[in-house]
Amino acid sequence: MQEGFQKILMETPDDLEALHGLSDVYARLGDLPIRESEDDVASYRQAREYYEKAFEGFQKILEQTPNDLEALNGLADICAKLGCLLLDMNALPDVVEQPDQSSQYKDDYGQAREYLAKAEEGFQKILEETPDDLEALRDLANVRNRLGDLSRTEAWLTTWAENKFEEPDFTQAVEFYGKAEEGFQKILEKAPADLRTLHNLSGLRITLGVVSEGKHEYEEAQEYFTKASEGFKKILEREPDSLRALRDLADVCERLGEVARRMDDRSQAQEYFAKAVEGFETLLEKAPDNLEALRRLVEVYEQLGDLAEREADPFKFNYEDDEDDEEYDEDDEEEKPDFTQAREYFAKALETQEKLVELSPNNLEALRDLTDACERLGGLAKKEGDRKQAREYFMKGLEGFQKIVEQTPDNFRALSFLYRAQSNLGELQEDYEQEKLEYENALEIARKTLKRARKDRQALSDASRYCEELGRIARKEGDDERAIRHYKEALEMREKISKRTPDNVEMLSAVGDVCFILDEIWK
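Cut-offs and rules
Residues numbered from 1 in each chain as written. Predicted model: local features only at pLDDT ≥ 70, side-chain atom pairs only at ≥ 80, totals over all residues. Heavy atoms only, no water. Helix = DSSP H or I, 4+ residues; strand = E, 2+ residues; numbered from the N terminus. Contact = heavy atoms within 4.5 Å. Areas by Shrake-Rupley, 256 points an atom, 1.4 Å probe, with all protein chains shown as cover. Axes fitted to C-alpha atoms, helices over the stretch in contact; angles between N-to-C directions. Parallel < 35°, antiparallel > 145°, perpendicular 65-115°, else oblique. Left-handed = near helix turned anticlockwise from the far one by under 90°. Nonpolar A, V, L, I, M, F, W, Y, C, P; charged D, E, K, R; others polar. Salt bridge = Lys/Arg side-chain N within 4 Å of Asp/Glu carboxyl O. Buried < 20%, exposed > 50% of the residue type's maximum accessible area, 1.4 Å probe, protein only. Patch = residues over 30% accessible without salt bridge, like charges linked within 9 Å, V, L, I, M, F, W, Y side chains within 5 Å. Lys, Arg positive; Asp, Glu negative; His and termini not counted. Charge placed at Lys NZ, Arg CZ, Asp CG, Glu CD. Core = buried A, V, L, I, M, F, W, Y, C linked by side-chain atoms within 4.5 Å. Phe/Tyr/Trp six-rings, centres within 6.5 Å; stacked < 30°, edge-to-face > 60°. Expected span 1.5 Å × (residues − 1). Arc of directions from axis to C-beta.

Student: Hey, could you run me through the overall build of the protein in this one?
Tutor: A count of helical and extended segments in the protein gives 22 helices and 0 strands. Taking the contacts inside the protein whose residues are at least 6 apart along the sequence as the reference set, 63% of them involve residues at least 24 apart. Surface summary for the protein: the accessible area is close to 28,000 Å², and the carbon and sulfur share equals 45%.

Student: Explain the packing of helix α14 (residues 291-312) against helix α15 (residues 340-359) here, please?
Tutor: Think of two packed helices as two axes; the pair is described by the angle between the axes and how far apart they sit. Orientation of α14 relative to α15, taken along the N-to-C sense of each, is 165 degrees, at an axis distance of 8 Å. Looking at the two axes, α14 sits roughly antiparallel to α15. Helix-helix and strand crossings are classified by hand; for α14 and α15 the assignment is left-handed. Across the interface between the two elements, Leu291, Leu294, Arg295, Leu297, Val298, Tyr301, Glu302, Leu304, Gly305, Asp306, Ala308 and Glu309 of α14 pack against Gln341, Ala342, Tyr345, Phe346, Lys348, Ala349, Thr352, Gln353, Lys355, Leu356 and Leu359 of α15. Its residues assigned to classes, the contact of α14 with α15 comprises 13 nonpolar, 4 polar and 6 charged.

Student: Whenever I open this one, the side chain of serine 23 confuses me. Can you help?
Tutor: With respect to the helices and strands, serine 23 occurs in helix α2 (residues 16-36). Apart from residues no more than four positions distant in its own chain, serine 23 is found in contact with Ala54, Gly57 and Phe58.

Student: I keep staring at the pattern of salt bridges and nothing clicks. Help me out?
Tutor: In a structure, side chains of opposite charge can pair up when their charged atoms sit close to one another. In this structure the tally under the stated criterion is 32 salt bridges. Between glutamate 121 and lysine 125 there is a salt bridge; the shortest N-O distance is 3.6 Å. Of this pair, glutamate 121 and lysine 125 both sit in helix α7 (residues 108-129), 4 residues apart, roughly one helical turn. Between glutamate 468 and arginine 494 there is a salt bridge, with its nearest N and O atoms 2.6 Å apart. Note that glutamate 468 is positioned in helix α20 (residues 457-476) and arginine 494 in helix α21 (residues 480-500), a separation of 26 residues in sequence. Three or more residues are tied together by salt bridges with common partners; here these are Asp251, Glu254, Arg255, Glu292, Arg295, Arg296 and Glu299.

Student: Explain unusual backbone geometry here, please?
Tutor: Leaving glycine out, the prevailing phi sign among residues is negative, and the prevailing peptide bond configuration is trans. With a phi close to 65 degrees, histidine 216 is a non-glycine residue in the positive phi region. Secondary-structure assignment places histidine 216 in the loop between α10 (195-214) and α11 (218-238). Given the relative accessible area of 56%, histidine 216 is considered exposed. With a phi close to 65 degrees, aspartate 264 is a non-glycine residue in the positive phi region. Residue position: aspartate 264 is located in the loop between α12 (243-262) and α13 (266-286).

Student: Which parts of the structure should I look at to understand a positive patch on the surface?
Tutor: A contiguous patch of positive charge on the surface is contributed by Arg457, Lys496, Lys499 and Arg500. By residue number, the principal contributor to the positive patch is α21, which donates 3 residues. Within the secondary structure, lysine 499 sits in helix α21.

Student: I would appreciate a short explanation of the environment of leucine 204 in the present structure.
Tutor: Here leucine 204 is to be found in helix α10. For leucine 204, the residues in contact, after removing those within four places along its chain, are Asn145, Tyr177, Ala180, Glu181 and Phe184.

Student: Just checking my understanding: could you explain the nonpolar core for this structure?
Tutor: Across soluble globular proteins, nonpolar side chains show a tendency to be buried alongside one another. Counting 106 residues, the largest nonpolar core has Ile78 and Phe123 as its most contacted members. Among the elements that take part in this core, helix α4 (residues 69-90) stands out by supplying 13 residues, more than any other. In terms of nonpolar packing, the next biggest core, distinct from the first, is built from 15 residues, Leu443, Leu450, Tyr466 and Cys467 among them.

Student: Please clarify how the packing of aromatic side chains should be interpreted in this entry.
Tutor: To describe a pair of aromatic rings, you give the distance between the ring centres and the angle between the ring planes. If you walk through the whole model with that rule in mind, you get 3 aromatic pairs. Note on phenylalanine 55 and tyrosine 115: the rings are 5.6 Å apart at their centroids and 85 degrees apart in plane angle, and the pair reads as edge-to-face. Within this pair, whereas phenylalanine 55 is found in helix α3 (residues 41-64), its partner tyrosine 115 is found in helix α7, the two being separated by 60 residues in sequence. Classification of tyrosine 115 as buried rests on a relative accessible area of 10%.

Student: Just checking my understanding: could you explain helix α9 (residues 171-190) for this structure?
Tutor: Think of an α-helix as turning once every 3.6 residues; residues three or four places apart then point the same way. Helix length check: α9 (20 residues) gives 29 Å between terminal C-alpha atoms against 28 Å at 1.5 Å per residue, within 8%. Within the span of α9, buried status applies to Ala173, Phe176, Tyr177, Ala180, Glu181, Gly183, Phe184, Ile187 and Leu188. Buried residues along α9 cover an arc of 165 degrees about the axis, so they all sit on one side. The exposed residues of α9 that point more than 90 degrees off its buried face are Glu175 and Glu189.

Student: Which parts of the structure should I look at to understand helix α16 (residues 364-383)?
Tutor: Across its 20 residues, α16 extends 29 Å between first and last C-alpha, which sits within 8% of the 28 Å expected from 1.5 Å per residue. Most of α16 sits inside the fold, with 15 of its 20 residues counted as buried. Just past α16, the residue glycine 385 takes up positive phi, approximately 85 degrees.

Student: Looking at this structure, how should I read the environment of isoleucine 61?
Tutor: In this fold, isoleucine 61 is placed in helix α3. On the basis of relative accessibility, which here comes to 1%, the residue isoleucine 61 falls in the buried class. Distance from isoleucine 61 to alanine 71, taken between C-alpha atoms, is 6.7 Å for residues 10 residues apart in sequence. Setting aside its immediate chain neighbours within four residues, isoleucine 61 contacts Leu16, Leu19, His20, Asp68 and Ala71.

Student: Would you mind going over the side chain of aspartate 194 with me for this structure?
Tutor: Along the polypeptide, aspartate 194 turns up in the loop between α9 and α10. Taking the relative accessible area as the measure of exposure, aspartate 194 reaches 14% and is therefore buried. Setting aside residues no more than four positions away along its own chain, aspartate 194 makes contact with Arg138, Ile187 and Leu188.

Here it is as structure tokens:
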């Protein structure tokens, strides 16, 4: 078909019908790489080439016949596709995770804005001629929604580039989102049964809720999320087997729970999180291999676990860190918080995470989350004085991080988690030799991390703590010379951090603590 139109145009270049047909073919060819291939840069580039050819064709038609609504719609549609494609291309993992590659695509945002603005202008012209065209109204609302996404992304990039520690200015984004919301509402006034538009509107309200939440306007966020949930419920009344609507309703219930938690309404937060669990579990009954649903279910269980932990221990007494703490008597059972419910939720999170790893064994992110769950359970067992179970969980977590490091030896993020897992085991040891070995292993791994990222403040802080712990053990063993060596190294590390963050009162205090200990030894 493509070759046929091209032959016609070679013989009669002004044949608008053939030009229109060829432009339509290019538009369809552009859809294929995205529809039939996995999302990757190569597929997006191929789609972009076809869309640009379609763009040129529709433009030629409109140069000769400016009032051709069919060509105008084709051009507006292609502009919308090109703008969205440039935005989606920049969101691909292999672009985002590699800054050197990401930088070459940043200029695409300006071009994306030009395409989307041209699409907006085209759909507006169509609606001036055919005001009852619901498809054009939907397209216009979708374009404004994506312009909002673009403005939001650019606001983030501007804030990061200027190293500002404040919420980006989303004013322009909210304006576009507001216009999109009005457009979707107009469609639903004329076609209340239009479920596609209802889904678009509900999704947009989630976005508006997220923006409000970022500005700490929690009541407004709650209102948007509630409206979104009502929309998804309406869809499920009509299409009870809609996996997309089930997922989105569960998602918005989790968001409502998070907002309620931020508003310190724990009861309501638990209620919403429970609804989210129910939603994701229903989705998994229909689609057991849905990795995203499993991942989100883990998140919700962890949220419930956090709430239960705070309920059990609102003051966060670190009993295990100080056996002489006056507020805690190891023999006084009444003062021990009961983490039973929290542990149940975290155990469910771990069980779900294990299913996720089983379905996706090569997913390092899933494996890391699994080890995180082990650490959470180990931490709770440790708080309750169950050292044996704590050690079992920490060992399982340590094995997970070791697998990650084996597969990605230069992954200093995995290394940092590995030395913290090693440290957890060190704190549980009951004899100084084994405790010393664990802290030495943790310190060695922390040093490896610092070789790869010398300015990693967390690694430097952790390494200084391990040095201090090794100094404490050396003093217990009566080896003051080794203790001084470890404390001096801890002091040097903490002084480095203090120079970089002179206003860090906690670190200044930590420096003073080490100086006090050294002074005691020298006396």
